[in-house]
Structure formats: C-alpha cells, structure tokens
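What the coordinates show
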Amino acid sequence: MSAVVGIVLGVVTGVAASVIFWYLQFRVFRTKLQISPTIARYTHAQGGIRNQVKIRNSSRRDIVELSVTMRATLPGLVRPHSAAVITLGEWRRPILKRRGEVQYGVRPELMAEAEQARFARYLPLDMATAIAAAEAVDLIEFLGLSEGSLIEVYVFGTDALSGARGFATQMFSAREVCPGEFLPDSFSQTGQFDASAISSS
C-alpha cells in the first residue's frame, strides 16, 4: 500500500510541478510585446515626411534578442490572384528595457537590393527610379499600387530572465496610416501632420 501511495504522490507532484512550470512560462515569464495599431505619419522639423510604427515592451523585465521584420503585401502586383510579398526591412536589437519603446520607419525606398531586383519592373517607373536612388517614396502612394495592400510587422523577443520567447504581429492598410507623431509612453498620436515640438526636440 505504501508503495502505491508513493507512486501516486510522485505522479501528482510531477503533474503539479509541470502545471506550475507552464503557468509561469506562459503567464508570468512570457514576453509582452506590443505594436502600435496605427502608423504615425508626419512632417519632420528637419524636412520630409516620416511614417513610423512603435514597439513597446510591456513586460516586467527586459527583452533581449529583439528582432523586427517589416513586409509589404501587394495583391496583384506581379500576377492576378496572388500577392507580392516585399521585405522592407529587418532589424536586430540586443535589448529593449522594461517598459521601453522604440520606433521604426516604414520606408519602401530602403528595401534591399535583392527585393528591388525582383520587383522593380512591376512598379511605376518614377517609383522604381526613386527606390533605386534611395529617395523618398510616398507610403500612401506605395500602398495604393494595388487594392488590399498591407504593411505587416513581425516582432520576436526573449525574456531576459526565463528565456521564454514571445512575439507580436500587426497589419496596417492605408486606413491605419494616421497623422501625427506618437506621444511618449503611448500609442496615442498628436493628430497634427505638421512638424511639432516633439519631432524638433
């Protein structure tokens, strides 16, 4: 009888330990990455138009090995009934502090040369020329190349304490490109397209 009790207790203890481990991994130690629901569009005090997304670490701990991938999906650009997927940028960041935030520009003109080589012939000549010269391309015009175009952002990071991986993703159509810079510590925007004191500081 004592042997059976010992086996039962061992099984129960093992199950309880497993439940606690997974609870800690997915509820306590998991990363909490957030991406802004909009793209901030505004003129900068130094000139030009900026389009930016904001990423925030809402975890209680630092996030390490942060990686960000930004893509554009343009249905029908190359052929009907399929979507061209163009990588606009990939970034790596060693650490994003607890409650920290960072912004990345949405800039089609900075797509890699390999992407330019694949898709340039399908773009309007003036846009392809601007991209080849790394000159500014209007994001609204770029998204207007095909119906249903999207900017997709994928973010991955690792909890600095537990090693648990987490991710976040967000998709933006032209409707989610909104005027005004992001306010500090917030996804809210100023609502002012023209340069403000925030961008000049």
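All values derive from a computational prediction rather than experimental measurement. (Residues numbered from 1 in each chain as written. Predicted model: local features only at pLDDT ≥ 70, side-chain atom pairs only at ≥ 80, totals over all residues. Heavy atoms only, no water.)

Reading across from one edge, 5-4-7-8 is the order of the four strands in this open sheet, with antiparallel pairing throughout. Looking at strand neighbours, the two that pair on one side only are strand 5 (83-96) and strand 8 (165-172), the edges of this open sheet. Geometrically, the sheet is characterised by an average inter-axis angle of 15° between neighbouring strands, direction not taken into account. Two strands pair when backbone bridges link them, and strand 4 (residues 63-75) and strand 5 are joined in this way by 12 bridges, in the antiparallel orientation. In the sheet register, Thr73 faces strand 5, and the bridge partner there is Val85. (Pairing = 2+ DSSP bridges. Helix = DSSP H or I, 4+ residues; strand = E, 2+ residues; numbered from the N terminus. Axes fitted to C-alpha atoms, helices over the stretch in contact; angles between N-to-C directions.)

A separate point is the side chain of Ser173. Position of Ser173 among the secondary structure elements: in the loop between strand 8 and strand 9 (177-179). A residue is classified by how much of its surface remains accessible, and Ser173, at 9% relative accessible area, is buried. Here the side chain of Ser173 touches Glu176 through a polar contact of 2.6 Å, side chain to side chain. (Buried < 20%, exposed > 50% of the residue type's maximum accessible area, 1.4 Å probe, protein only. Polar contact = N/O pair within 3.5 Å; in protein donor to acceptor, adjacent residues only side chain to side chain.)

The tally for this structure, following the rule as stated, stands at eight salt bridges. Arg61 serves as the salt-bridge partner of Asp159, at 2.8 Å between the closest nitrogen and oxygen. Here Arg61 lies in the loop between strand 3 (49-57) and strand 4 and Asp159 lies in strand 7 (residues 150-159), a separation of 98 residues in the sequence. Like Asp159, the residue Arg61 is buried in the burial classification. Linking Arg107 and Glu109 is a salt bridge whose minimum nitrogen-to-oxygen distance equals 3.0 Å. If you follow the salt bridges from partner to partner, you end up with Lys54, Arg56 and Glu101 in one network. (Salt bridge = Lys/Arg side-chain N within 4 Å of Asp/Glu carboxyl O.)

Treat this as a map of the structure, not an account of what it does.
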